[in-house]
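# Coordinates in review
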Amino acid sequence: MELTTTVNDEPRVVEVDGTEAAVEVVRDRLGLTGTKLVCGSGVCGACTMLVDGEPVLGCLTPATRLRDAGVTTVEGIAHGDDLHPVQRAFAHHDGLQCGYCTPGFVVDAVAFHDRWRVEHGTDEPARETIAAALAGHLCRCGAYEGVFRAVAAACRGEHDDGAGTVERVDAPAKVTGSAVYTTDVSLPGMLHAAFRRSHVAAGIVGPITFPPGVAGVDLLAQEGPGDRRVRWAGQPIAVVAAESPAEARRLARELDVRVTTQPFVVDPAEAVRPGAPLVYGSRADRKAAPSAGEGGSMPVPWDGNRH
Ligand code: FES
Ligand code: FES
């Protein structure tokens, strides 16, 4: 279906398939890759954008919510080279490291800052108030202290007039969403992969048959001989490739995967009781089982640092 929307003050007409989320529209259809898709389930805040001035999670917001709405992504916060005070403050106070979570933090912090300044002038918000405003954001790098300093300084009005030096050369790109990460690269003919993951903490997965024309890999068939157990919710079961991320995700979602759930416990006290279901029957089972680790095993057991 076609919908009209306004993104960063520009009228846009986009085709959406009805199952897409708002973040897919801005990233995949409009190429605004500043907004990040990380957890896809409302946990991390990286996909935050403003819809009619209110912060929303782009991964949980249906694309259809953008119809006739005013959308602001991180790319639309600054006016050319004139950064928003919050962006200047993030750059100045080192409110970021890798910068992958930064667009989400910045968009939400801008909404908070703008509201705060109208209601409180240049009073500094309490640390708890800032924490509550940005509670939905996770930063794997742990740049939280810098974020606190940045938001407090911006609210005090210290970055209103462009004051403050940018101490990191990479910060302007990261606070404006123009930094390009691997997931933002799109090359002609490139395929995108999507995983189908286990929704249960323990189960046996049946053989997977890919529909004709679908390129995919049964990951459990690649691993230990005959081991088709899944041992944690979220464990990758299969991966498919398609010409767009949305198409890959659709194919992964629609794969016919049959899982027979096995007994499991998620409470540590239950787990140590005699007779509790075992994740691995033995150490050898654990070593032979499929692993999400990206590297190979060490050739010999680690025995402390010698040098
Ligand atoms: S990607 Fe939306 S909350 Fe994590
Ligand atoms: S700066 Fe790296 S995840 Fe936050």
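It should be noted that the structure appears before, not after, this text.
Residues numbered from 1 in each chain as written. Chains lettered and ligands numbered in written order. Predicted model: local features only at pLDDT ≥ 70, side-chain atom pairs only at ≥ 80, totals over all residues. Heavy atoms only, no water.

Secondary structure assignment for the protein chain yields 10 helices and 11 strands. By principal-axis analysis of the C-alpha atoms, the protein chain measures approximately 65 × 55 × 40 Å. Out of the 307 residues in the protein chain, the part that is buried amounts to 42%. Pairs at least 24 apart in sequence give 66% of the contacts found in the protein chain among residues at least 6 apart. Of the roughly 16900 Å² that the protein chain leaves accessible, carbon and sulfur atoms contribute 54%. (Helix = DSSP H or I, 4+ residues; strand = E, 2+ residues; numbered from the N terminus. Buried < 20%, exposed > 50% of the residue type's maximum accessible area, 1.4 Å probe, protein only. Contact = heavy atoms within 4.5 Å. Areas by Shrake-Rupley, 256 points an atom, 1.4 Å probe, with all protein chains shown as cover.)

Moving on, we get to helix α8 (residues 245-254). Of the positions making up α8, those classed as buried are Pro245, Ala246, Ala248, Leu251 and Ala252. Residues of α8 that are buried sit in contact with α1 (22-29), β6 (192-197) and β10 (236-242).

For the rest of this paragraph, the subject is the pattern of salt bridges. The tally for this structure, following the rule as stated, stands at 20 salt bridges. In this structure, arginine 156 and glutamate 158 form a salt bridge, with 2.6 Å as the shortest nitrogen-oxygen distance. The partly exposed category is assigned to glutamate 158, whose relative accessible area is 39%. Between aspartate 170 and lysine 174 there is a salt bridge, with the nearest N and O atoms lying 2.7 Å from each other. On the basis of relative accessibility, which here comes to 26%, the residue aspartate 170 falls in the partly exposed class. Among the charged side chains, a network of salt bridges with common partners joins Asp94, Arg168, Asp170 and Lys174. (Salt bridge = Lys/Arg side-chain N within 4 Å of Asp/Glu carboxyl O.)

Okay, the layout of surface pockets next. Taken as a whole, the largest pocket encloses approximately 1300 Å³ of empty space. Considering the residues around the largest pocket, the lining is formed by 40 residues, among which Glu24, Leu37, Ala194, Pro245 and Arg249 are closest to the centre. Among the secondary structure elements, those contributing two or more residues to the lining of the largest pocket are α1, β6 and α8. The biggest single contributor to the lining of the largest pocket is α8, with 7 residues. Each residue belonging to the lining of the largest pocket can be placed in one class, and the counts come to 18 nonpolar, 11 polar and 11 charged. When we break the lining of the largest pocket down by domain, the ones giving at least three residues each are domain 1 (2-74) and domain 3 (192-288). Put simply, the second largest pocket is a space of about 300 Å³. Around the second largest pocket, the lining residues are Val38, Cys39, Val43, Cys44, Ala46, Cys98, Tyr100, Cys101, Leu138, Cys139, Arg140 and Cys141. Per-domain counts for the lining of the second largest pocket show at least three residues from each of domain 1 (2-74) and domain 2 (85-182). (1 Å grid on protein atoms, 1.4 Å probe; cavity = no way out; pocket = protein on both sides within 12 Å on 5 of 7 lines; lining within 4 Å. Points joined across faces, edges and corners; volume = space filled by probe spheres on them. Nonpolar A, V, L, I, M, F, W, Y, C, P; charged D, E, K, R; others polar. Domains from an automatic or database assignment.)

Strand order in this open sheet of 3 strands is β9-β7-β11, and the pairing throughout is antiparallel. One side of each edge strand has no neighbouring strand; the edge strands of this open sheet are β9 (229-230) and β11 (259-261). Judged from the 2 bridges that link them, strand β7 (residues 203-205) and β9 form a sheet pairing that is antiparallel. In the strand pairing of β9, isoleucine 204 is matched with arginine 229. (Pairing = 2+ DSSP bridges.)

What follows is about the environment of phenylalanine 90. The residue phenylalanine 90 is located in helix α2 (residues 85-92) in this model. Residues phenylalanine 90 and glycine 42, 48 residues apart in the sequence, show an inter-C-alpha distance of 23 Å. If we ignore the near neighbours within four places in the chain, the residues touching phenylalanine 90 are Gly95, Leu96, Thr102, Phe105, Val106, Ala109, Val147, Ala150, Val151 and Val175.

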